[in-house]
Every structure is written in C-alpha cells, then in structure tokens.
Amino acid sequence: MRVLVVSDVHANLDALEAVLRDARTGGVLDAVWSLGDCVGYGPLPGECLSRLSDESAASVAGNHERAATGAISVDDFNPDARASALWTADRLEGDEKALLDAMPETRIEAEYFSLVHGTLRRPIWEYLYSVEAGAAHLALQQTPFGFCGHTHVPAIASLDADAPGGCDFRRLADGQSVSLDPGTKVVINPGSVGQPRDGDPRASYAVYDSETQSVTLRRVEYDIGSTQRLMEKAGLPRWLIERLSEGR
Ligand code: ZN
C-alpha cells in the first residue's frame, strides 16, 4: 500500500495538484491522509477541500478548519491569519463547512498510524517543535507510528531512551527515507503543501510505502506566481502572498 500524506495545504490548489501528480509518478496511491489546515491563508479553500474529497482523503481538523466554521474564535490568531480566516469563512458554503466540522481532531488509519494536526496533547494548537513536545506526544500515542503537521517544517520525533529528554527530534530533507520499526515509536511531520516555512518554497509531502515499511519526504516545485496572483485578486494580506516565494 502506498499512502500520500499531506498537511497544511492552506487553500493552495496549484501546490496540491503538483503534489498529487508527483506522488503518482512513483506509483499508484492507495490512500491519501490529510493532517489539517486544508483551508486558510490561500485563495482556493473550497476547491482544495473538494480535491481532497475526490481523493477520499482521511482528514483530521486543524486550527484553520475550526476557525473557518466559527467553532473556535480567531482572537488568538495573528492579524494576517485572522484576516484570512474571516475571508475563508465568508467564502465557504454551508455544506463545505459541514465537511470541515465533521473532521475529527485525531484518527487512527491502517491500524498503526495516529493522525493529528498539532500534538496528541493539544490536537489543534500545539507545535511539535521540541524534544519536550515530541516526548509528551509520543507518550500519548497508542500506535507505533504517527503523523502530525502544523509547524510547516518536515521533521521526525522518535522515542529514544538514550537521547536527552527521551526523544530524538530532527528535520527531514528532500528525498530522505525513514525506516519504520514497530519497536520504535515515531511521529513524522511531512511539512506543508501550501505554505512551507523551512526556507524552501517547494511544496512538501510524504509517502508511506507498506512494502518497504518506510516513509519518504519529497519536495516538488509548483507555480507559486499563479497562487500569488489569485491571492492578490482576493485581497488577501501582503505578507501571506510574499512568504510563499520565500518559503517562510
Ligand atoms: Zn497550518
């Protein structure tokens, strides 16, 4: 089984299409898992939602899904995120919001994989960006393997009794493969499809292959200018448009 794992698509359809195309050059995809924030920031929230529905993606909700439906307040968002969340909420139809509301905050797929946007400690809010957060998440993870998003930076946290804090946390680079061993609990962040923040503007995603029991991180170029022009037309905040070319 080959599974495409995406996170933080952020209403960037060009990036999502590039990822789907690129992932399929490696073989047939048997499933798509989406780790939240499919909407928010970008210009095409409904289109990204329906593209993932076409792929029968198994999705969890992120903070931007919850903000788009009004389930959480945008008071804690920074001004640009708040402006884009209100724009997104205004643009989505009732049936699209119902789809977002129906997304759970955590789910287990293929028996061995826990999916969550942030961490299992605080599913839609916490950034898994430290040894402490990684160890806390892995202590709550009931399955050997997990995927999370939210930071927009590809990374892996593994339980490791010999590491300081009991957890090894490191970034993942383009083309890097991780072998899965049921004896070692890990959680992998595939990075962001639609708004990478690690200095590399290319869309980021991961593929799980059950035959090789491995997860591979991939980066792929997409037409950033086209997404930026749509954002300009929509009147979305300047910094959200500019950061796409910088990957931060
Ligand atoms: Zn996000």
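Residues numbered from 1 in each chain as written. Predicted model: local features only at pLDDT ≥ 70, side-chain atom pairs only at ≥ 80, totals over all residues. Heavy atoms only, no water.

Caption draft 1: Summary view of the overall build of the protein chain. Counting its regular elements, the protein chain contains 8 helices and 12 strands. Its C-alpha radius of gyration of 17 Å places the protein chain within 12% of the 18 Å reference for a compact globule of 248 residues. Taken over the C-alpha atoms alone, the protein chain extends approximately 50 × 40 × 35 Å along its principal axes. Burial status across the protein chain gives 57% buried among its 248 residues. Counting only contacts in the protein chain whose residues sit at least 6 apart along the sequence, the fraction spanning at least 24 positions is 72%. When the accessible area of the protein chain is evaluated, it comes to approximately 10200 Å², of which 48% is carbon and sulfur surface. Of note, the protein chain has its 23 positive side-chain charges centred 3 Å away from the centre of its 37 negative side-chain charges. (Helix = DSSP H or I, 4+ residues; strand = E, 2+ residues; numbered from the N terminus. Rg over C-alpha atoms; globule rule 2.2 N^0.38 Å. Buried < 20%, exposed > 50% of the residue type's maximum accessible area, 1.4 Å probe, protein only. Contact = heavy atoms within 4.5 Å. Areas by Shrake-Rupley, 256 points an atom, 1.4 Å probe, with all protein chains shown as cover. Lys, Arg positive; Asp, Glu negative; His and termini not counted. Charge placed at Lys NZ, Arg CZ, Asp CG, Glu CD.)

Caption draft 2: Spotlight on the coordination of the zinc ion. Distances from the zinc ion to its protein donors, namely Asp-8 (OD), His-10 (NE2), Asp-37 (OD) and His-152 (NE2), fall within the range 2.0 to 2.4 Å. Coordination at the zinc ion is irregular: its 4 donor atoms span angles of 86 to 173° at the metal. Positions of the donor residues of the zinc ion along the chain correspond to the pattern D-x1-H-x26-D-x114-H. Linking His-10 in the loop between β1 (2-6) and α1 (13-25) with His-152 in the loop between β6 (145-147) and β7 (155-159), this pair joins segments that are 142 residues apart in sequence. (Donors = N, O, S within 2.8 Å, 3.2 Å for Na, K, Ca; no water. Tetrahedral: all angles 85-135°; square planar, octahedral: opposite > 155°, others 65-115°.)

Caption draft 3: View of the pairing of strand β4 (residues 106-109). Inspection of the sheet shows β4 paired to strand β5 (residues 113-116) by 4 bridges, in the antiparallel sense. Looking at β5, one finds that Glu-109 is bridged to Phe-113. Between β4 and the antiparallel strand that follows it, β5, lie 3 residues; Ala-110 among them carries a positive phi value of about 50°. (Pairing = 2+ DSSP bridges.)

Caption draft 4: Focus on the sheet that holds β7. With mixed pairing, 6 strands are arranged side by side in an open sheet as β4-β5-β6-β10-β7-β8. The outermost strands of the open sheet, each flanked by one partner alone, are β4 and β8 (167-171). Across the sheet, the mean angle separating the axes of adjacent strands is 20° when strand polarity is ignored. Where β7 and strand β10 (residues 186-189) come together, 4 bridges link them in antiparallel fashion. (Axes fitted to C-alpha atoms, helices over the stretch in contact; angles between N-to-C directions.)

Caption draft 5: Representation of the environment of Ala-81. With respect to the element layout, Ala-81 can be found in helix α4 (residues 79-91). Placed 17 residues apart in sequence, Ala-81 and His-64 show a C-alpha to C-alpha distance of 8.9 Å.

Caption draft 6: Summary view of the packing of aromatic side chains. Scanning the model with the defined rule gives 7 aromatic pairs in all. Where Phe-113 meets Phe-145, the ring centres are 5.4 Å apart and the plane angle is 40°; that geometry is what we call tilted. Here the residue Phe-113 occupies a position in strand β5, and Phe-145 occupies one in strand β6, the gap between them amounting to 32 residues. Assigned by exposure class, Phe-113 and Phe-145 land together as buried. With a centroid separation of 6.3 Å and 85° between ring planes, the pair formed by Tyr-129 and Phe-169 is classed as edge-to-face. Of the two residues, Tyr-129 sits in the loop between β5 and α6 (131-140) while Phe-169 sits in strand β8, which places them 40 residues apart along the sequence. With relative accessibility at 43%, the residue Tyr-129 sits in the partly exposed group. Judged by relative accessible area, which is 24%, Phe-169 ranks as partly exposed. A network of ring pairs unites the aromatic residues Trp-33, Phe-113, Phe-145, Phe-147 and Tyr-208 as a single cluster. (Phe/Tyr/Trp six-rings, centres within 6.5 Å; stacked < 30°, edge-to-face > 60°.)

Caption draft 7: The side chain of Arg-66, seen in detail. Residue placement: Arg-66 occurs in helix α3 (residues 63-68). In terms of polar contacts, Arg-66 uses its side chain to reach the backbone carbonyl oxygen of Leu-100, at 3.2 Å. Residue contacts for Arg-66: discarding those within four places in its chain leaves Ala-61, Ala-71, Ile-72, Leu-100, Asp-101, Met-103, Pro-104, Glu-105 and Ile-124. (Polar contact = N/O pair within 3.5 Å; in protein donor to acceptor, adjacent residues only side chain to side chain.)

Caption draft 8: Expanded view of the pattern of salt bridges. As enumerated under the stated definition, the model contains 16 salt bridges in all. Between Asp-22 and Arg-218 there is a salt bridge, and its shortest N-O distance comes to 2.9 Å. Of this pair, Asp-22 sits in helix α1 while Arg-218 sits in strand β12 (residues 214-220), placing them 196 residues apart in sequence. Since its relative accessible area comes to 16%, Asp-22 is described here as buried. Here Arg-218 falls in the partly exposed class, since its relative accessible area comes to 32%. The residue Arg-238 makes a salt bridge to Glu-242 at a minimum N-O spacing of 3.4 Å. Taken together, the positions of Arg-238 and Glu-242, both in helix α8 (residues 238-246) and 4 residues apart, correspond to about one turn of that helix. (Salt bridge = Lys/Arg side-chain N within 4 Å of Asp/Glu carboxyl O.)

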